[in-house]
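# Summary of structural features
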Amino acid sequence: MAESFDRSRRILFTGAAGGIGTMIRPLLAQHYPGLVLSDKVKPANLLASETFVAADLTRPEEVAAAVKGAHSVIHLGGYSVEGPWDTILQANIIGCYNMYEAARQAGVKRLIFASSNHAVGFYPRKRRIGTDVTVRPDSRYGVSKAFGEALGALYSDKHGISVTCLRIGNVGPRPLDVRRLAIWISPQDIVQLMQIGLEHPDIRFDILYGASDNATSWWDNSRARQLGYRPTGKSEDHRAHAEAEQARIGPDPVGDLFQGGTFCSVEFTNGAKRAGP
Ligand code: 15L
């Protein structure tokens, strides 16, 4: 890890009021005193020690004001599940473009983009994939995450910003069901990946899977390991809980075949025969 990284530099953290933001912001603050939180609205439980700047991602001037003076950006902001096209378009396509463009204009050095497993959700569960596969989004949301990854490559190659895309599985204290046993990541482990994205000297453009050390993983995360990632979470420690929750949920004939689960089965019109991997 780069010893010269000055952790007191301004790091803008968008989506701070969202689910992941709320879980990890105290962990990030321990490492980065220059952390500045951002979202459309101020989190209700903002501490006196936390700095906040409001920004609507669809308004370039607000994004530019928030990014001004930042050394790095952790971009979690946007819409975090499947939604109507206009919602995805505004928050995740236009909003994401506004962020990369503001970062370029402000001279930001590093950007961590919260991508998602749903960029590749239509890969079958029986396949193990790396980060070099063609995207196979399972939703408009997944398409927007693939778009954010593509923007990352562009802004890295053309403008020299160091970009780390984290294809996040599911962040939480424990896996919620059997699918999440394969894709779960603990809050501590996702912070570790963000630290790598902020500090590792070798990153120009990388896609890493946001997953803990899960025995049933569908992903080859060797690049993350090469960069020093040593996850401490193990989904198998929570198997009993995940299986009990799964029994409550019941089967999903299409979703259970694919990595993206219900994101694949929702609005699915491809016929039972074509549903097979
Ligand atoms: C995501 O990308 C979502 O943001 C999150 O809410 C979960 O649905 C997660 O994927 C998942 O696949 O479990």
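The structure reproduced in this document is the subject of the present report. (Residues numbered from 1 in each chain as written. Predicted model: local features only at pLDDT ≥ 70, side-chain atom pairs only at ≥ 80, totals over all residues. Heavy atoms only, no water.)

### Regarding the site of the ligand
Around the ligand, the neighbouring residues are Ser-80, Val-81, Ser-116, Asn-117, His-118, Tyr-141, Gly-169, Asn-170, Arg-179, Arg-180, Ile-183 and Phe-263. Between the ligand and the protein, one listed contact pairs an oxygen atom with a backbone N or O atom of Ser-80 at 2.5 Å. Coverage of the ligand by the protein amounts to 81% of the 320 Å² it exposes when considered alone. The leading source of residues in the shell around the ligand is helix α5 (residues 178–183), at 3 residues. (Near = heavy atom within 4 Å. Polar contact = N/O pair within 3.5 Å; in protein donor to acceptor, adjacent residues only side chain to side chain. Areas by Shrake-Rupley, 256 points an atom, 1.4 Å probe, with all protein chains shown as cover. Helix = DSSP H or I, 4+ residues; strand = E, 2+ residues; numbered from the N terminus.)

### Examining empty space enclosed by the protein
Tallied over the full model, the rule gives 1 cavity of 30 Å³ or more. Reported here for the largest cavity is a volume of approximately 50 Å³. Lining the largest cavity, in full, are His-75, Gly-77, Gly-78, Ala-91, Asn-92, Cys-96, Phe-113, Ser-144 and Lys-145. Only α3 (85–106) and α4 (140–159) provide two or more residues apiece to the lining of the largest cavity. (1 Å grid on protein atoms, 1.4 Å probe; cavity = no way out; pocket = protein on both sides within 12 Å on 5 of 7 lines; lining within 4 Å. Points joined across faces, edges and corners; volume = space filled by probe spheres on them.)

### Some thoughts on the packing of aromatic side chains
To describe a pair of aromatic rings, one takes the distance between the centres and the angle between the planes. Enumeration according to the criterion identifies 6 aromatic pairs in this entry. Aromatic pair Tyr-209 and Trp-219: ring centres 4.6 Å apart, planes at 15°, arrangement stacked. Here Tyr-209 is found in strand β9 (residues 205–210), whereas its partner Trp-219 is found in the loop between β9 and α7 (222–226), with 10 residues between them in sequence. Taking relative accessible area as the criterion, Tyr-209 reaches 0% and is therefore assigned buried. Taken together, Tyr-100, Phe-113 and Tyr-155 form an aromatic cluster joined through their ring pairs. (Phe/Tyr/Trp six-rings, centres within 6.5 Å; stacked < 30°, edge-to-face > 60°. Buried < 20%, exposed > 50% of the residue type's maximum accessible area, 1.4 Å probe, protein only.)

### Regarding helix α2 (residues 60–67)
Residues separated by three or four positions in an α-helix point in the same direction, a consequence of the helix having 3.6 residues per turn. The set of residues buried in α2 consists of Val-63, Ala-66 and Val-67. Projected down its long axis, α2 carries its buried residues within an arc of 95°, all on one side. Looking at α2, the residues exposed on the side facing more than 90 degrees away from the buried face are Glu-61 and Ala-65. Buried-residue contacts for α2 involve β1 (11–14), β2 (35–39), β3 (51–54) and α3. Positive phi appears at Gly-69, one or two residues downstream of α2, with a value of about 80°. (Arc of directions from axis to C-beta. Contact = heavy atoms within 4.5 Å.)

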